[in-house]
Amino acid sequence: MSTTEVTWWGHSTVWLADSGTTLLTDPVLTGRLAHLRRMAGPSPRLPGAPDAVLLSHLHADHFHVGSLRAVPGKPLLIVPRGAAAFTARVMGAEAGNRCVELAPGESAVVGGVRVRAVPARHDGGRGPWSKDRAIAIGFVVEGTARTWFAGDTGLFDGMHELGPLDLALVPVGGWGPTLGSHGHLDAADGAEALRRVKASWAVPVHYGTLWPIGMSRVRRHMFDGPGERFAEHAARVAPESRVRVLAHGERFSLEPAA
């Protein structure tokens, strides 16, 4: 059986390789996004063209049009139900034709893996200035390993139904000095999510990358600290799970079970 590998490129951008298939999640590949600046890690260096890009919802820090245009090749775009029309409008008909829309419970086969859409508790609209809307989802990738990419989510009923998992990519922070409880996980709630899904391994994401320009010294502990705090909480509430806190650009290999 092959090894499952993940490389975290900051925020929610993860390169996932499993069963000879490569997936890229919610790519943000630039040094700046509107009022946000990349404040940690190198600029992402993708090893090639992924087989598919997984897009969890329409918020600009997850569905970043400039970064999608920079992704090499012409990968499938696996998007939430309702997002294909938006994709075609902002990226052109060719990109819209590459979209595969999924709602929770639906799945698509990409190479050697099955990508299954799962629920997420998060607003799916593009933003308060936009009428574009789609649902927000997470994904469970089933290949050599069962990997949950949560996208953006709060805790929700039925989260335990996602498990058991081999690997959970858990969002544990945000991009500003405040983090609303609705539709997001902080380090403590991320550990509770890990307890519910019963993942053997977890990697914290969605923290420590983007911060508002001019606010580099404001509540810096909310920028740097969520990953390690998540690991500390997880040790208490999900002791059967192991946590790997990655640096930006660092790769983690999950060996198949014997």
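Since this is a predicted model, take the numbers as computed values, not measurements.

Calculation rules
- Residues numbered from 1 in each chain as written.
- Predicted model: local features only at pLDDT ≥ 70, side-chain atom pairs only at ≥ 80, totals over all residues.
- Heavy atoms only, no water.
- Core = buried A, V, L, I, M, F, W, Y, C linked by side-chain atoms within 4.5 Å.
- Buried < 20%, exposed > 50% of the residue type's maximum accessible area, 1.4 Å probe, protein only.
- Helix = DSSP H or I, 4+ residues; strand = E, 2+ residues; numbered from the N terminus.
- Contact = heavy atoms within 4.5 Å.
- Pairing = 2+ DSSP bridges.
- Axes fitted to C-alpha atoms, helices over the stretch in contact; angles between N-to-C directions.
- Salt bridge = Lys/Arg side-chain N within 4 Å of Asp/Glu carboxyl O.
- Polar contact = N/O pair within 3.5 Å; in protein donor to acceptor, adjacent residues only side chain to side chain.
- Phe/Tyr/Trp six-rings, centres within 6.5 Å; stacked < 30°, edge-to-face > 60°.

> Can you walk me through the nonpolar core in this structure?
Side chains of a nonpolar character, in soluble globular proteins, are inclined to be buried together. Ranked by internal contacts, the top residues of the largest apolar core, which has 49 residues, are L23, V115 and W148. W15, L55, L68 and A84 belong to the second-largest nonpolar core, a separate cluster that totals 20 residues.

> Help me understand the side chain of T87 in this model?
With respect to the helices, strands and loops of the structure, T87 is situated in helix 2 (residues 84-91). Look past the residues within four positions of T87 in its chain and what remains in contact with it is F63, L77, V79, G92, A95, G96 and C99.

> Please clarify how the sheet that holds strand 9 (residues 107-110) should be interpreted in this entry.
Adjacent strands of a sheet form backbone hydrogen bonds with each other and so pair up, either parallel or antiparallel. Strand order in this open sheet of seven strands is 9-10-11-12-13-14-16, and the pairing throughout is mixed. Sheet topology places strand 9 and strand 16 (242-243) at the edges, where each strand pairs with a single neighbour. Examined bridge by bridge, strand 12 (residues 146-149) and strand 13 (residues 165-171) share three bridges and lie parallel to one another. From the neighbouring strand, T147 faces strand 13, where its bridge partner is L167. Relative to strand 13, helix 4 (residues 187-197) is tilted by about 160 degrees, and along the sheet it contacts strand 12, strand 13, strand 14 (199-205) and strand 16.

> Would you mind showing me how to read the pattern of salt bridges here?
In a structure, side chains of opposite charge can pair up when their charged atoms sit close to one another. Here the structure, examined in full by the defined rule, presents eleven salt bridges. Linking E142 and R116 is a salt bridge whose minimum nitrogen-to-oxygen distance equals 3.5 Å. One end of the pair, E142, is in strand 11 (residues 137-142); the other, R116, is in strand 10 (residues 113-119), and 26 residues separate them in sequence. Classification of R116 as partly exposed rests on a relative accessible area of 22%. The residue R133 makes a salt bridge to D123 at a minimum N-O spacing of 2.9 Å. Placement of R133 in the loop between strand 10 and strand 11 and of D123 in the loop between strand 10 and strand 11 is noted, with a sequence separation of ten residues between them. Taking relative accessible area as the criterion, D123 reaches 37% and is therefore assigned partly exposed. Linked by salt bridges that have partners in common, R81, E101 and E106 make up one network.

> Please clarify how the environment of S56 should be interpreted in this entry.
By the element assignment, S56 lies in the loop between strand 6 (52-54) and helix 1 (65-70). Sequence spacing of S56 and F139 is 83 residues, and the spatial spacing of their C-alpha atoms is 7.8 Å. Discounting chain neighbours no more than four positions away, the residues touching S56 are D26, H62, P80, I135, A136, I137, F139, F149, G151 and D152. Looking at S56, its side chain comes within polar contact range of the side chain of H57, at 2.8 Å.

> Looking at this structure, how should I read the packing of aromatic side chains?
Two descriptors summarise a pair of aromatic rings, namely the distance from one centre to the other and the angle between the planes of the rings. What the rule picks out here adds up to four aromatic pairs. Here W8 and Y207 contribute two aromatic rings whose centre-to-centre distance is 5.4 Å and whose plane-to-plane angle is 20 degrees, an arrangement assigned as stacked. Here the residue W8 occupies a position in strand 1 (residues 4-8), and Y207 occupies one in the loop between strand 14 and strand 15 (210-212), the gap between them amounting to 199 residues. Here W8 and Y207 have matching classes, each one buried. Centre to centre, the rings of W201 and F252 are 5.1 Å apart; their planes meet at 55 degrees, and the pair counts as tilted. On the criterion of sequence distance, the pair formed by W201 in strand 14 and F252 in strand 17 (residues 251-254) is long-range, its members being 51 residues apart.

Read these as geometric descriptors, not functional statements.
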